Amino acid sequence: MKPGTRIETKLIHAGEPEPRIEGAVAMPVFQSTLYETAHVPDYHDIPYIRLNTTPNHAVLHAKLAALENAEAGLVTASGMAAISTSLLSMLKPGDHLLVQDCLYGGTFDFITRDLSELGIQYTFIDANDSGSWAGLLSDRTRAIYVETMTNPLLQVGDLAAVARFAREHGLVSMIDSTFASPINFRPAEHGFDLVLHSCTKYLNGHSDIVAGAVIGRRDLVGKVKHKLDLLGGCLDPHACVLLHRGLKTLALRVRYQNESALKIARWLETSKGVKRVNYAGLESHPHHTRARELFSGFGGVLSFQLEGGAEAAARFIENTTLPFRTVSVGGVETLITRPALSSHAEMDEADRLRLGITDDLIRLSVGVEATEDLIEDFERALQS
Ligand code: PLP
């Protein structure tokens, strides 16, 4: 069967073995480290779990590439394995990276501490101010790295300009698109070279595995695979099958979460006691117009502040009953946290406050529960 061209059909059919193995409609788990094979000329193609070359890996690689409309895909042991291995594959000591100033905490640490220790330099950029980037280039600048939506303020940089700028200056453009998922935004269609995901979040969607992906230009994904093969950041076949299963409902989940998050953001914006809501789907968001042009949905994550500061935020969270009080995003369960105490707790306080991640900021990752039940829960928590 040939996959259709629409993303919902690709989620089900793209990359699947034809004919299906023993007729199995769901992909079986190939829980075998080794495979008897004829001579394989290239070491990196030998079927072996660490080399990400089992049938479970092959299906995911083809499906993920099809979803992003890109040339090639690769799964990794975690989102951080995808990010760190990609950066290590594109940069060597003495090289220089332009990087967005507001990043996922793990990426921030890896770039500012670990890459620095290896002699790889970086300069932060304001992803909204494309005019300022050329002045920050050096003759050793090799790549530019951004995120589709920043966490937890959901800012949307000038992403089209990032891909254009990279092309003009011979840089590799890299984007962590975890918060958007390919349902809402496909960076390769806008000229990005490498798209990175924490599949732990929306792509799997069920909070039961850790996984990552690198998707994009075939030559660059090949380079990342060689490094990954040696660093050992492969995805276990059992986790592959769970990710594969999660992917099939990606469109259903993410579209519902888009709608639900927008309704909750609109409700919060008009609620007494709420000071500010950050969600790119709101007309009040500074990047709403850009987000509407680029994205087909605004995602399931939003953040907000209440009147009454950190104490009110703590009380609100304590008084909710449906959300789980924990980090991470993108699962079917609604999750609530204060980034200053969780995802961004490691960050220098002055840096955190400069970026607007205040102590009273609450982040919500909207799951697939009934929107009305969530709003009722939040209304009760606001009143108490
Ligand atoms: N990128 C983003 C935007 C994230 O939010 C996270 C985790 O929260 C990661 C990457 C790291 O993913 P993982 O936990 O799968 O390594």
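Definitions and limits used
Residues numbered from 1 in each chain as written. Predicted model: local features only at pLDDT ≥ 70, side-chain atom pairs only at ≥ 80, totals over all residues. Heavy atoms only, no water. Helix = DSSP H or I, 4+ residues; strand = E, 2+ residues; numbered from the N terminus. Rg over C-alpha atoms; globule rule 2.2 N^0.38 Å. Buried < 20%, exposed > 50% of the residue type's maximum accessible area, 1.4 Å probe, protein only. Contact = heavy atoms within 4.5 Å. Areas by Shrake-Rupley, 256 points an atom, 1.4 Å probe, with all protein chains shown as cover. Phe/Tyr/Trp six-rings, centres within 6.5 Å; stacked < 30°, edge-to-face > 60°. Salt bridge = Lys/Arg side-chain N within 4 Å of Asp/Glu carboxyl O. Pairing = 2+ DSSP bridges. Axes fitted to C-alpha atoms, helices over the stretch in contact; angles between N-to-C directions. Patch = residues over 30% accessible without salt bridge, like charges linked within 9 Å, V, L, I, M, F, W, Y side chains within 5 Å. Expected span 1.5 Å × (residues − 1).

Trainee: Explanation requested: the overall build of the protein in the structure shown.
Mentor: Looking only at helices and strands, the protein has 13 helices and twelve strands in total. Expected size for 384 residues packed as a compact globule is a radius of gyration near 21 Å; at 21 Å, the protein falls within 12% of this value. A principal-axis box enclosing the C-alpha atoms of the protein has dimensions of 70 × 55 × 35 Å. A buried classification covers 55% of the 384 residues belonging to the protein. Intrachain contacts of the protein at a sequence separation of at least 6 include 72% that bridge at least 24 residues. Accessible surface for the protein amounts to roughly 16000 Å². Of this, 52% is attributable to carbon and sulfur atoms.

Trainee: What's the story with the packing of aromatic side chains in this structure? I'm lost.
Mentor: Note on aromatic pairs: each is described by the distance of the centres and the angle between the planes. Enumeration according to the criterion identifies seven aromatic pairs in this entry. Ring geometry for Trp133 versus Phe165: centroids 5.5 Å apart, planes at 80 degrees, classification edge-to-face. Separated by 32 residues along the polypeptide, Trp133 in the loop between strand 3 (121-125) and strand 4 (141-147) and Phe165 in helix 5 (residues 159-169) bring together distant segments of the chain. Judged on exposure class, the residue Trp133 and its partner Phe165 are both buried. In this structure an aromatic cluster arises from ring pairing among Phe108, Tyr122 and Phe124.

Trainee: Explanation requested: the pattern of salt bridges in the structure shown.
Mentor: Should the charged atoms of two oppositely charged side chains come close, the side chains can pair. Scanning the model with the defined rule gives 17 salt bridges in all. Among the ionic pairs, Asp360 bridges to Lys275, the shortest N-O distance being 3.9 Å. Taken as a pair, Asp360 in the loop between helix 12 (349-354) and strand 12 (362-365) and Lys275 in strand 8 (residues 274-278) lie far apart in primary sequence, 85 residues in all. Judged by its relative accessible area of 7%, Asp360 is buried. Overall, the relative accessible area of 48% leaves Lys275 in the partly exposed class. With a shortest N-O distance of 3.7 Å, Arg315 and Glu311 are connected by a salt bridge. Of the two residues, Arg315 and Glu311 both sit in helix 11 (residues 309-319), four residues apart, roughly one turn of that helix. Assessed through its relative accessible area of 43%, Arg315 is described here as partly exposed.

Trainee: So what exactly am I meant to see when it comes to the sheet that holds strand 3 here?
Mentor: Backbone hydrogen bonds hold the strands of a sheet together, and the pairing may be parallel or antiparallel. Strand order in the open sheet formed by seven strands is 1-7-6-5-4-2-3, and the pairing between neighbours is mixed. Only two strands of the sheet have a single neighbouring strand rather than two, namely strand 1 (72-76) and strand 3. Mean inter-strand twist for the sheet, computed between neighbouring axes without regard to direction, equals 20 degrees. Here strand 4 pairs with strand 5 (residues 172-176) via five bridges, running parallel. Each residue of the ladder has a partner; that of Val146, found in strand 5, is Ile175.

Trainee: What's the story with a nonpolar patch on the surface in this structure? I'm lost.
Mentor: A contiguous nonpolar surface patch, about 290 Å² in accessible area, is contributed by Tyr43, Ile46 and Leu230. Position of Tyr43 relative to the elements: it lies in the loop between helix 1 (7-13) and helix 2 (55-67). The partly exposed category is assigned to Tyr43, whose relative accessible area is 37%.

Trainee: What's the story with helix 2 in this structure? I'm lost.
Mentor: Side chains of residues three or four places apart in an α-helix project in the same direction, reflecting 3.6 residues per turn. An ideal rise of 1.5 Å per residue puts 18 Å on 13 residues; helix 2 measures up with 18 Å between its terminal C-alpha atoms. Taken together, the buried positions of helix 2 are occupied by Asn56, His57, Val59, Leu60, His61, Lys63, Leu64, Ala65 and Leu67. Residues of helix 2 that are buried make contact with helix 1, strand 1, helix 6 (181-184), strand 7 (212-216) and helix 8 (237-247). Just past helix 2, the residue Asn69 takes up positive phi, approximately 55 degrees.

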